[in-house]
Amino acid sequence: MESSDEPLSSPPPQQQQQSYSLLHDVLGSATAGIISRIMTHPLDTVKARLQAPSSSFASYRGPIDALIQTYRHEGMRSLYGGFGAVIVGGTPGTVLYLTGYAFFRDTFSSIASNWGGSSGGSTFNSSNKPSLTQGQEFAVHFSSGMFAEAVTCIIYVPVDVVKERMQVQSRESLISNKDSLRKLQSYHYNGSWDALQQIIRTEGMRGIYRGYWATLASFGPFSALYFVFYERCKVWSKEMLQDNKTDNSDAKRMDDGDLPLHYLVACSAGAGALASWLTSPLDMAKLRLQVQRGQTAAASNTGQNTMYRGMFDCLHSAYKKGELFRGAGARVLHFAPATTVTMTAYEKCRSFYADTLR
């Protein structure tokens, strides 16, 4: 038997490049997710309290007032209610979300290019990705955002349920008197892990995934619209840079992470603000559906029990009460900086890891 001194063959360059690209996406999205959550979680808590149907938060006059009152009466710990669940479950969720979007975008772009036969009016895409018409771009980015959200909601929904139950419980109302404490004990959580255990024990897996379709109906359109706006803004940014250069070949080859910081901030902030405001009623309905089951026992003791039969019923009820866009300002105040920090950090961290891990 002859021995072979030939070295083992290395992976094809294209496959090697895809592996490196995936690694950069994973590291970039994980870093961006953690940075964003730390900086914007108090704003998310304020948004949740303003949208909740509880009378405990009716005295808030707006997002800033809610932030100040919560900090003054309940401390920083309440502003970071549910933060443990967000970091433990939300970080893998962010990784899956951003890498999933990139995967669906590249896959759908290839399908659209081969099927539709993109022609004049297409935009240049760096990284050797197929060029698409504006109509194809809209369809690809919209559907990629929806698909990425549908997959990620498997992780996000349990995290969201725990986080929002923690955010909307008021420590002040729980300790006001012993009778109230006994009445609300079934909905008093001592932390994210305790909340998860209580929900599973009393409501089962159905409770932890309560509102999956409502969450998808809320965040699906948000993600779809966000990436449509964000990708289009990046194209406009590159076109502006090309117009300002005599030799625009470098601008055409520019990767997203190489865009100047102020361009990335403007793209992500504008897209996040517009998408979050347009989908605010859906988010409000989703939150109320998620928290109503945990509030049923407490609300029945005060005669304020309001049961929604579904998302449409919740939206209809909010519309009749003039609450359809309640918390919209707080949602924009949360999502604009959250998406700005996340996407800017993601683009820059991905480029950093790509340069460092060559």
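Residues numbered from 1 in each chain as written. Predicted model: local features only at pLDDT ≥ 70, side-chain atom pairs only at ≥ 80, totals over all residues. Heavy atoms only, no water.

Draft legend 1. Spotlight on helix 2 (residues 63-74). With 12 residues, helix 2 should reach 16 Å at 1.5 Å per residue; the first-to-last C-alpha distance of 16 Å fits that figure. Just downstream of helix 2 lies glycine 75, where phi reads positive at about 85 degrees. (Helix = DSSP H or I, 4+ residues; strand = E, 2+ residues; numbered from the N terminus. Expected span 1.5 Å × (residues − 1).)

Draft legend 2. Just helix 11 (residues 261-278), in detail. The terminal C-alpha atoms of helix 11, which comprises 18 residues, lie 26 Å apart, in line with the 26 Å expected from a rise of 1.5 Å per residue. Buried within helix 11 we find Tyr263, Leu264, Cys267, Ser268, Ala271, Gly272, Ala275 and Ser276. Mapping the buried residues of helix 11 onto a view down its axis gives an arc of 160 degrees, with all of them on the same face. Of the residues in helix 11, the exposed ones pointing more than 90 degrees away from the buried face are His262 and Ala266. (Buried < 20%, exposed > 50% of the residue type's maximum accessible area, 1.4 Å probe, protein only. Arc of directions from axis to C-beta.)

Draft legend 3. A look at the pattern of salt bridges. Inspection of every chain in the model, using the stated rule, returns 18 salt bridges. When the shortest N-O distance is used, the salt bridge between arginine 105 and aspartate 106 registers 3.4 Å. As a salt-bridge pair, arginine 331 and aspartate 283 come within 3.2 Å of each other at their nearest N and O atoms. Within this pair, whereas arginine 331 is found in helix 14 (residues 328-356), its partner aspartate 283 is found in helix 12 (residues 280-302), the two being separated by 48 residues in sequence. By relative accessible area, aspartate 283 is classed as buried at 0%. Each member of the salt-bridge network shares a partner with another, and the members are Asp25, Arg105, Asp106, Glu231, Lys234, Glu347 and Arg350. (Salt bridge = Lys/Arg side-chain N within 4 Å of Asp/Glu carboxyl O.)

Draft legend 4. Molecular detail of the nonpolar core. Counting 29 residues, the largest nonpolar core has Tyr97, Leu98, Phe222, Tyr226, Phe227, Tyr230 and Met343 as the members making the most contacts within it. Contributions of two or more residues to this core are made by helix 4 (83-116), helix 5 (134-168), helix 9 (212-243), helix 11 and helix 14. Core analysis: the next-biggest nonpolar cluster, separate from the first, contains 12 residues, Cys153, Val157, Ile199 and Tyr212 among them. (Core = buried A, V, L, I, M, F, W, Y, C linked by side-chain atoms within 4.5 Å.)

Draft legend 5. Structural detail: the packing of helix 11 against helix 14. It is the contact of helix 11 with helix 14, at a shortest axis distance of 7 Å, that shows an interaxial angle of 145 degrees. Where helix 11 crosses over helix 14, the handedness of that crossing is right-handed. Between helix 11, through Leu261, Leu264, Val265, Ser268, Ala269, Gly272, Ala273, Ser276 and Trp277, and helix 14, the contact on the second element is made entirely by Ala328, Arg331, Val332, Phe335, Ala336, Thr339, Thr340, Met343, Thr344, Glu347 and Lys348. Among the residues making up the contact of helix 11 with helix 14, the classes are represented as 11 nonpolar, six polar and three charged. (Axes fitted to C-alpha atoms, helices over the stretch in contact; angles between N-to-C directions. Left-handed = near helix turned anticlockwise from the far one by under 90°. Contact = heavy atoms within 4.5 Å. Nonpolar A, V, L, I, M, F, W, Y, C, P; charged D, E, K, R; others polar.)

Draft legend 6. Here's a closer look at the environment of tyrosine 60. Within the secondary structure, tyrosine 60 sits in the loop between helix 1 (13-51) and helix 2. The exposure class of tyrosine 60 is buried, given its relative accessible area of 12%. Sequence-wise, tyrosine 60 and arginine 49 are 11 residues apart; in three dimensions their C-alpha atoms are separated by 9.0 Å. In this structure tyrosine 60 touches Arg49, Leu50, Asp65, Ala66, Gln69, Thr70 and Glu74, once residues within four positions along its chain are discounted.

Draft legend 7. Local environment of the environment of alanine 112. Within the secondary structure layout, alanine 112 lies in helix 4. The exposure class of alanine 112 is buried, given its relative accessible area of 12%. Sequence spacing of alanine 112 and alanine 139 is 27 residues, and the spatial spacing of their C-alpha atoms is 9.0 Å.

Draft legend 8. How the structure looks around the confidence of the model for the chain. On average, residues of the chain carry a pLDDT of 78, and 75% of them reach 70 or more. When mean pLDDT is taken per element in the chain, helix 11 scores highest with 93 and helix 7 (residues 178-184) scores lowest with 43. Within the model, the stretch residues 118-127 combines pLDDT values under 50 with 27 contacts to residues more than four positions away or in other chains. Low pLDDT, under 50, characterises residues 171-186; the stretch is placed with 16 contacts to residues that sit more than four places away or in other chains. (pLDDT = per-residue confidence, 0-100.)

Draft legend 9. Region of the structure containing the environment of tyrosine 308. Residue placement: tyrosine 308 occurs in the loop between helix 12 and helix 13 (311-320). Taking the C-alpha atoms as reference points, tyrosine 308 and arginine 288, separated by 20 residues in sequence, lie 8.4 Å from one another.

Draft legend 10. Molecular detail of the side chain of aspartate 313. Assignment of secondary structure puts aspartate 313 in helix 13. Exposure remark for aspartate 313: the relative accessible area of 18% places this residue in the buried category.

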